[in-house]
Amino acid sequence: YYRNAILSSAPENSVLYQGIAIRRAMDEQNWGQADFLCKNLLAKLDPASHDYANWAYYEARICEQLDRSEDMMSWFILSAMADLKTATKDNASLCSLSQELFNTGQVDRAFRYIRASLDDA
């Protein structure tokens, strides 16, 4: 109900509207639509912003669902970089990146990233 209320009242070009549309597509498991919408939103955001970090993380999760692991890793990296630039103590991207590196056998690199994340926390 609230999602539909926001979509019917917020300007279509607002980050709020676009973000709600992305989350709706994700909830409906419409990954292609979510990917399209998220990339369009990211293209409009400053790569050194907190919004960029959040939506880059979501784009990584979308890529995960689309079995695009290299793209997923790239978006986790971009999200983590934006978190660092904005001094945000949200380590979800760095932790997720570490986990994916571990899963691909890059144990030393994964350990460095998870250690940095834990030290930051």
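In short, a report on the structure.

How each quantity is defined
Residues numbered from 1 in each chain as written. Predicted model: local features only at pLDDT ≥ 70, side-chain atom pairs only at ≥ 80, totals over all residues. Heavy atoms only, no water. Helix = DSSP H or I, 4+ residues; strand = E, 2+ residues; numbered from the N terminus. Buried < 20%, exposed > 50% of the residue type's maximum accessible area, 1.4 Å probe, protein only. Contact = heavy atoms within 4.5 Å. Areas by Shrake-Rupley, 256 points an atom, 1.4 Å probe, with all protein chains shown as cover. Axes fitted to C-alpha atoms, helices over the stretch in contact; angles between N-to-C directions. Parallel < 35°, antiparallel > 145°, perpendicular 65-115°, else oblique. Left-handed = near helix turned anticlockwise from the far one by under 90°. Nonpolar A, V, L, I, M, F, W, Y, C, P; charged D, E, K, R; others polar. Expected span 1.5 Å × (residues − 1).

Looking at the overall build of the protein
(1) Moving on: Scanning the protein from terminus to terminus reveals 7 helices and 0 strands.
(2) Moving on: Sequence-ordered secondary structure for the protein, helices as α and strands as β, is α-α-α-α-α-α-α.
(3) Moving on: Oriented by its inertia axes, the alpha-carbon framework of the protein measures out at about 50 × 30 × 25 Å.
(4) Moving on: Looking at the protein residue by residue over its 121 residues, the buried ones come to 38%.
(5) Moving on: Relative to all contacts within the protein whose residues are 6 or more apart in sequence, the contacts with residues 24 or more apart total 43%.
(6) Moving on: For the protein, the exposed surface amounts to about 7200 Å²; the carbon and sulfur share of it is 52%.

So, the environment of N103
(1) Moving on: Here N103 shows up in helix α6 (residues 92-103).
(2) Moving on: As a C-alpha pair, N103 and D90 span 13 residues in sequence and 22 Å in three-dimensional space.

Section: the packing of helix α4 (residues 50-65) against α6
To describe two helices that pack against each other, one gives the angle between their axes and the distance between the axes.
(1) Moving on: The interhelical angle for the contact between α4 and α6, taken along N-to-C directions, is 30°, at an axis separation of 10 Å. When the axis of α4 is compared with that of α6, the two are roughly parallel. Along this stretch, α4 crosses α6, giving a crossing that reads as left-handed. Where α4 approaches α6, its residues Y57, R61 and E64 are matched on the opposing element by A92, S93, S96 and E100.
(2) Moving on: Considered class by class, the residues forming the contact of α4 with α6 number 2 nonpolar, 2 polar and 3 charged.

A look at helix α2 (residues 15-27)
(1) Moving on: Taking 1.5 Å of rise per residue, the 13 residues of α2 would be expected to cover 18 Å, and the 18 Å separating its terminal C-alpha atoms lies within 8% of that figure.
(2) Moving on: Inspection of α2 places Y17, Q18, G19, I20, A21, I22, A25 and M26 among the buried residues, and these make up the whole buried set.
(3) Moving on: Looking at the packing, one finds that the buried side of α2 touches α1 (2-9), α3 (31-44) and α4.
(4) Moving on: Just past α2, the residue Q29 takes up positive phi, approximately 55°.

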